[in-house]
Amino acid sequence: MAKLTVSAAPHIHSGASTNRIMLDVLIALLPATVASVVIFGLKSLIVITACVITALVGEALFNIVTKRKQTIGDFSAVVTGLLLALNLSTNVPAWQCVIGTLFAIICVKCLFGGLGCNFANPAITGRVFMLVAFSAVAGGANPTIVDLTTSATPLEQLGKGETLELMDLFLGLHGGAIGETCILALIIGFVYLLVRKVITWHTPVVFIATVFVLYLAFTGDVMMALSQILAGGLFIGAIFMATDYVTTPITTRGRIVFALGCGVITFIIRYFCAYPEGVSFSILIMNILTPFIEKWTAKEPLGGVK
Amino acid sequence: MQFRKNISTLKVHHNKHTAGCKPIRVAPPKEVLLPMNMHSGSPAEPIVAVGDYVRVGQLIAKPGEGMSCPVHATVSGTVSAIEPMKQADGRSALTIKIESDGKMEQDPNLKPPVFDDVDGFLAAVKDSGVVGLGGAAFPLWGKLDAIRKNQIDTVLVNAAECEPYITSDTRMMVDHTDLVVKGVHLLHKWMNAKKVVICIEDNKQEAIDKLREALAGEDWAEIFILPAIYPQGAKQVLLYNVTGQVVKGGQRMASLGVIIINVSSTAKMAQYMETGMPLVDRIVTIDGSAVKEPKNLIAPIGTPISYLVEQAGGLSCEPGKVLIGGPMLGAAVASMDEPSKKATNSLLFLTEKEAKIYEPTACIRCGRCVANCPVSLNPAALARAMESENEDVRFAKLQEFSVGQCIECACCSYVCPAHKPLMESNKQGKRFVKKYKAEHAEGGK
């Protein structure tokens, strides 16, 4: 008779796996990826390809050089590469994509111990790094499917006091990072993630609502508040970056606090500072505060005694 | 209105294929193996010798020191060996082997116990050899002994049977409603309880109906219907969902005036009081994908697993894993020669594919373990604490995250996408805390 397997309980499993979660994130990003190619043309494919391949090769090489177990099979590197790419504009040359992605994968993720150990979101940190190291990463490029008279991003236009067509904002027919503009595609991805129970609604909804409410309170202008949430990287940030498991609090309560903080910081940067966009910075700052939020919002165990 | 926090639970597939299967009594096995540690506490001590002829129900091992339980012969025949035998958990236990003569002759000296006070009742419960039959295997008398120090207001009869597959408690309630009811009356009387509550999941309608009918008119008896979710039958969860009370760290449940007794234990206790026949057999659910036909059997305790599955109609394929108990908390056995024991409520035979072991990967902090923990622990943080090399740091972290409150229900391990053995890690964490405390208590003095 064959040998019986002896292992610790439980002997059944929900079937959830890290690979499946990462795959779900990739599937959820698919509409935004397709939209980016439709709106910005084949140039966006160059950005995406450069980032994704660099992410995979970078992590694979790091694992080989440091003699670690190969981890590229868990798709998390692909997620990082794709997310970073979707946060860049077609104006970014491929070599900058490569350097930015290497920074994200090697310095932010692998050097901290790989998946699960990094304290900051690799894609966000990569983007902020590129913002500082190179010229503007989000602006300057126009959609190829519509003729626009301006090359300014909607946030820059809003900053100058111009008004924008909400439908254009919703469909993403304006300048910006390739994956951030089409809100429709991002919402489809959001719904998919909710259905697959990869994330809960709390973080994205609280994040976006906070920005909306603060703009409404400070300007009293509903159109302005709506334009502000639809423009820039708020949706992609709230749905895909602020919900990153590794770099955000582990409890729902903590995640709500995290999202609130992100919303407030985004608003402060956009409204009070010279810099037009604040989503990346807000998430990065809250990433750093995550251990403290987690401590403050820890659940009281049932029957626990202090 | 009382505000009550909702306890996190899981929806697992019930797989109660055998709920409608009336238990079938198996033909006497050729031999039975009776380990002396079928209960928690100290092992029983054999009082028979190799070569002795024993009959069904005859005392063959007396209780050991302190918390312990007697063992009775479960077949008639000759004691063929008394020797240590290796068990599923790797430990070895003294085991009495009886070669059956196939007659199942009853011990003629058996008679219902006579008593007129609580001490007499407790002594009789001890003599019955009954333990927690839901899997816990804690001697029943030990639990009821709480009456000596505590006022017991409520007895909860645990009939949740929340583990998938298992239906032995269900069948006990449906086929032996009278015994359950008699047991409930005994508990009410001797525990001097204001209320006896039968706690049962809503997927056992037949049992609910039968018990309702049998207990109609008893205002102290209540049937509490719970949603069928896992781990409804875990002590802390059941207590909270039924009474709203919580056992605090370091506290005993009895100090709250509540004890929880498994429903089959209740019935088996009543059977002993009625007939004088101690615990010698029980209902065992035989199920799993590798079994031809899932069934419920009534088998002498100590019957080898291989014999039971054969009696149930055999296997449809080579099993990859064999479990004593349910799929969430059951123990995998190394060999089918092992016997079923007092607390064996089911035997599950899983296919090779179901037995596949996944290599744990890195925690991605997805929070599923936290969201699904019935007692609101942070299993991810506890697992990280266990990785601390420094013992003082490990101890402090485990205490900070209240490892002692873990109810070992395995929900965390079940949902973990990284396949981390979180419950196992918590069990080790508890052992470590105990050891650390003991060492430092000595060192301090």
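Note that residues are indexed from 1 along each chain, following the sequence as it is written. Note on labels: chains are lettered from A, ligands numbered from 1, in written order. Note on the predicted model: pLDDT of at least 70 is required for a residue's local features to be given, and 80 or more for side-chain atom pairs to be given and counted; whole-chain, interface and lining totals, by contrast, use all residues. The side-chain values count all of the structure's non-hydrogen atoms but skip hydrogen atoms and water molecules.

Peer 1: I would appreciate a short explanation of the nonpolar core in the present structure.
Peer 2: Nonpolar side chains tend toward joint burial in soluble globular proteins. Core analysis: the biggest nonpolar cluster contains 82 residues, and Leu 88, Phe 207, Phe 240 and Ile 283 of chain A have the highest contact counts within it. In terms of residue count, helix H1 (residues 18–40) of chain A provides more of this core than any other element does, ten residues in total. Sequence-distant contacts of Leu 88 of chain A, defined by excluding residues within four places in its chain, comprise Val 47, Cys 51, Cys 97, Met 130, Val 137, Ala 177 and Ile 178 of chain A. Among buried residues, the Ala, Val, Leu, Ile, Met, Phe, Trp, Tyr and Cys ones that are joined through side-chain atoms within 4.5 Å form a nonpolar core. Accessibility here uses a 1.4 Å probe with only protein chains present; expressed as a share of the type maximum, an area under 20% marks a residue as buried, one over 50% as exposed, and anything in between as partly exposed. Formed by 69 residues, the second largest nonpolar core is a distinct cluster that contains Leu 34, Ile 60, Ile 96 and Ala 254 of chain B. Helical segments are the DSSP runs of H or I of at least four residues, strand segments are the runs of E of at least two, and each set is numbered from the N terminus. Contacts between residues were defined by any pair of non-hydrogen atoms, one from each residue, lying within 4.5 Å.

Peer 1: What should I look at first to understand the sheet that holds strand E10 (residues 195–201) of chain B in this one?
Peer 2: Two modes of strand pairing occur in sheets, parallel and antiparallel, and in both the strands are linked by backbone hydrogen bonds. All names here are of chain B. For two strands to be treated as a pair, DSSP must find no fewer than two bridges joining them. Taken together, four strands build an open sheet; the order of strands is E11-E10-E9-E12 and the sheet is parallel. Of all strands in the sheet, those bounded by a partner on one side alone are strand E11 (221–226) and strand E12 (258–262). Sheet twist, expressed as the mean angle between neighbouring strand axes with direction ignored, is 25°. Pairing between strand E9 (residues 154–159) and E10: six bridges, direction parallel. The residue of E10 that forms the bridge with Val 157 is Ile 198. Against the sheet, helix H6 (residues 235–243) touches E9, E10, E11 and E12, its axis set at about 110° to E11. Whenever a helix is involved, its axis is fitted only over the stretch in contact; in every case the axis is a line through C-alpha atoms, and angles between N-to-C directions fall within 0 to 180 degrees. Packing of helix H7 (residues 263–275) onto the sheet brings it into contact with E9 and E12, and relative to E12 it is tilted by some 80°.

Peer 1: It is not clear to me how the interface of chain A and chain B should be interpreted in this structure. Could you clarify?
Peer 2: For interface size, the figure often reported is the accessible area lost on association. Taken together, the contact between chain A and chain B spans 40 residues of the former and 59 residues of the latter. Here's the idea: put two parts together, see how much 1.4 Å probe accessible area each one loses, and the total over both is what we call buried area. Summed over both partners, the interface of chain A with chain B buries about 4000 Å², with 59% contributed by carbon and sulfur atoms. Throughout this description, the term salt bridge denotes a Lys or Arg side-chain nitrogen within 4 Å of a carboxyl oxygen of Asp or Glu. Summed over the shared surface of chain A and chain B, the number is one salt bridge. Salt-bridge contacts for Glu 294 of chain A lead to Arg 365 of chain B; the nearest nitrogen and oxygen are separated by 3.0 Å. Polar contacts here mean pairs of N or O atoms no more than 3.5 Å apart (in protein, one a potential hydrogen donor and the other a potential acceptor; neighbouring residues in sequence count only if both atoms are side-chain atoms). The interface formed by chain A and chain B includes 19 residue pairs in polar contact (both at pLDDT 80 or more). Taken together, the elements giving at least two residues each to the side of chain A that touches chain B come down to H1 and helix H13 (279–296) of chain A.

Peer 1: Can you help me understand H6 of chain B in this one?
Peer 2: For an α-helix the count is 3.6 residues per turn, leaving residues at separations of three or four pointing the same way. Listing the buried residues of H6 of chain B in full gives Gln 236, Val 237, Leu 238, Leu 239, Tyr 240 and Val 242 of chain B. Phi for Gly 244 of chain B, located one or two positions after H6 of chain B, is positive at around 80°.

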